[in-house]
Amino acid sequence: MYAIDFVEFPSSAASSSGRFFARAFGWTTTPYGPDYADVAGAGIALGFQSDPDERPPAPLVTIRADDLDQARRDVESAGGVITVEPFEFPGGRRFHFREPGGCELAVWRPT
């Protein structure tokens, strides 16, 4: 099963971004330190990343998968190029890829 369920946005201040969406729209914000905030209640989960070493250059659409290894095989066999090898993060494991048109996306598996 593959489903888009998360979008990560670059932010110069993740905590401020999270608080903004909580105040403006009533969504729930969960900070993970000063550089990351999750936002729930938007219809799709959102994240704001302000760590300069981790911040994506553009919004990063993330696809949930049941089997990360199979997803990688499917991405590569369809012509995608892995741009970030699989890594662990709070809540799961993911990798990034670039599709033939140039967009970077990610696939993740929850823990």
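In this text the structure is predicted, and so the values were computed from the model without any measurement.

### Topic: the overall build of the protein
Moving on, step 1. Looking only at helices and strands, the protein has 2 helices and 8 strands in total.
Moving on, step 2. Listed by position from the N terminus, the elements making up the protein come as β-α-β-β-β-β-α-β-β-β.
Moving on, step 3. Relative to the compact-globule value of 13 Å for 111 residues, the protein shows a C-alpha radius of gyration of 14 Å, a close match.
Moving on, step 4. Accessible surface computed for the protein: about 6300 Å², of which carbon and sulfur atoms make up 56%.
Moving on, step 5. Here the protein carries 10 positive and 16 negative side-chain charges, and the mean point of each set is 4 Å from the other.

### What to know about the sheet that holds strand β7 (residues 92-98)
Strand pairing in a sheet relies on backbone hydrogen bonds. The paired strands run either parallel or antiparallel.
Moving on, step 1. The sheet built from 8 strands is open, its strands ordered β2-β3-β4-β1-β5-β8-β7-β6 with mixed pairing. Looking along the sheet, the strands with just one partner apiece sit at the ends: β2 (28-31) and β6 (81-89). Neighbour to neighbour, the strand axes of the sheet diverge by 25° on average, direction disregarded.
Moving on, step 2. Pairing geometry for β2 and strand β3 (residues 36-40), over 4 bridges, is antiparallel. The partner of P31 across the bridge, within β3, is A37.
Moving on, step 3. Packing against the sheet, helix α2 (residues 68-77) makes contact with β1 (2-10), β5 (60-65), β6, β7 and β8 (104-110), and its axis sits at approximately 5° to β7.

### Focus: the pairing of β5
Moving on, step 1. As judged from the 6 bridges shared by β1 and β5, these two strands associate in the antiparallel manner. If you follow V7 over to β5, its bridge partner there is V61.
Moving on, step 2. Direction of pairing for β5 relative to β8: parallel, over a ladder of 4 bridges. If you follow V61 over to β8, its bridge partner there is L105.

About the criteria used
Residues numbered from 1 in each chain as written. Predicted model: local features only at pLDDT ≥ 70, side-chain atom pairs only at ≥ 80, totals over all residues. Heavy atoms only, no water. Helix = DSSP H or I, 4+ residues; strand = E, 2+ residues; numbered from the N terminus. Rg over C-alpha atoms; globule rule 2.2 N^0.38 Å. Areas by Shrake-Rupley, 256 points an atom, 1.4 Å probe, with all protein chains shown as cover. Lys, Arg positive; Asp, Glu negative; His and termini not counted. Charge placed at Lys NZ, Arg CZ, Asp CG, Glu CD. Pairing = 2+ DSSP bridges. Axes fitted to C-alpha atoms, helices over the stretch in contact; angles between N-to-C directions. Contact = heavy atoms within 4.5 Å.

Interpretation in functional terms is not warranted from these geometric data alone.
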